[in-house]
Amino acid sequence: MAAWAGQARRVAALNWEGVAEFVSRAQELSIHVKTRVEPFVPRARSETWLIGRDPRDVRTLIVEGDKGWMERGGARTPLPAAQGHHENQQYAIYGFLVMAAQRKDSGKGLRLNRADCWPFEYDAADGRVTAATYTVDAPDGNGSIAETIRCSDWRDVSGLSWPHKLVIEQRPSTGAGNSIFSLTLDTMTAEFA
């Protein structure tokens, strides 16, 4: 366990590929996702395309701090400020998972804080987050979204234990309807400083 905690302290970036599914009252989407996150910068790049479609029809989300862009077909469009902030907070989940691995705590009602995010409250066993509650500001700047996060299928990734299945239930404060985002990883690597 000590080596695992030591690796968590040195994580510079996380890279994964897998399948994400998004289900709401309005739509159901299954997408292939290829992501690189630098959890503590924060910086992220995520390429996605619909399952069953040409992988060359890729859409890329780029996040650097509270700024973000969408790229498609060679054109780059800036995200509205509220959406950039929302994406920053959303990608912070992976940094919080690294921080939890570093702390190696076990118990219920544990808490992590970052100045630009809402508190991350979680239950864990040996630093492995089993469930968490978290809030992000809505991407349109109207209210917030309460999230319940469940992690499972833990695997060793270069000495770092990492969940290969995440399910995030989202409940907007505006009552717009709940949604569920699930991410199942096929491959995962970590880069260390």
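Reading the values: the criteria
Residues numbered from 1 in each chain as written. Predicted model: local features only at pLDDT ≥ 70, side-chain atom pairs only at ≥ 80, totals over all residues. Heavy atoms only, no water. 1 Å grid on protein atoms, 1.4 Å probe; cavity = no way out; pocket = protein on both sides within 12 Å on 5 of 7 lines; lining within 4 Å. Points joined across faces, edges and corners; volume = space filled by probe spheres on them. Helix = DSSP H or I, 4+ residues; strand = E, 2+ residues; numbered from the N terminus. Phe/Tyr/Trp six-rings, centres within 6.5 Å; stacked < 30°, edge-to-face > 60°. Buried < 20%, exposed > 50% of the residue type's maximum accessible area, 1.4 Å probe, protein only. Lys NZ or Arg CZ within 6 Å of the ring centre and 35° of its normal. pLDDT = per-residue confidence, 0-100. Contact = heavy atoms within 4.5 Å. Core = buried A, V, L, I, M, F, W, Y, C linked by side-chain atoms within 4.5 Å. Salt bridge = Lys/Arg side-chain N within 4 Å of Asp/Glu carboxyl O.

J.: I keep staring at the layout of surface pockets and nothing clicks. Help me out?
T.: Empty space among the atoms becomes apparent when a probe as large as a water molecule is rolled across them. Within this model, the largest pocket holds a volume of roughly 1200 Å³. Considering the residues around the largest pocket, the lining is formed by 40 residues, among which F22, I31, R59, E87 and F181 are closest to the centre. Considering each element in turn, the lining of the largest pocket owes the most residues, seven residues, to helix 2 (residues 81–103).

J.: It is not clear to me how the packing of aromatic side chains should be interpreted in this structure. Could you clarify?
T.: What characterises a pair of aromatic rings is the spacing of the ring centres plus the angle enclosed by the ring planes. For the structure shown, the criterion picks out six aromatic pairs. With centroids separated by 4.9 Å and ring planes inclined at 15 degrees, the aromatic side chains of F96 and F120 adopt a geometry described as stacked. With a gap of 24 residues between them, F96 in helix 2 and F120 in strand 8 (residues 120–125) connect regions that are remote in the sequence. F120 sits in the buried class, given a relative accessible area of 0%. Joined through ring pairs, the aromatic side chains of F96, F120, Y122 and Y134 make up one cluster. Here R76 stacks its cationic end above the ring of W69, 5.0 Å away from the centre of that ring.

J.: It is not clear to me how the confidence of the model for the protein chain should be interpreted in this structure. Could you clarify?
T.: Interpretation of the predicted coordinates at a detailed level should be avoided for regions scoring low in pLDDT. Taken over all residues, the pLDDT of the protein chain has a mean of 92, while the share at 70 or more is 95%. Here residues 1–5 scores under 50 on pLDDT; set against residues more than four positions off or in separate chains, the count is 12 contacts.

J.: Before we go on, may I ask you to explain the nonpolar core in this structure?
T.: Side chains of nonpolar character tend, in soluble globular proteins, to be buried together. L14, Y94, L97, F120, Y122, Y134 and W162 are the most contacted members of the largest nonpolar core, which has 45 residues in total. Ranked by residues supplied to this core, first place goes to helix 2 with nine residues. Setting aside its immediate chain neighbours within four residues, L97 contacts F120, V129, C151, W162, P163 and L166.

J.: Is there a simple way to explain the pattern of salt bridges in this structure?
T.: It is possible for side chains bearing opposite charge to pair when their charged atoms get close. Applying the stated rule across the entire model yields 14 salt bridges. Note that K108 and D123 form a salt bridge whose closest N and O atoms lie 3.9 Å from each other. With a gap of 15 residues between them, K108 in strand 7 (residues 107–112) and D123 in strand 8 connect regions that are remote in the sequence. For D123, a relative accessible area of 22% gives the class partly exposed.

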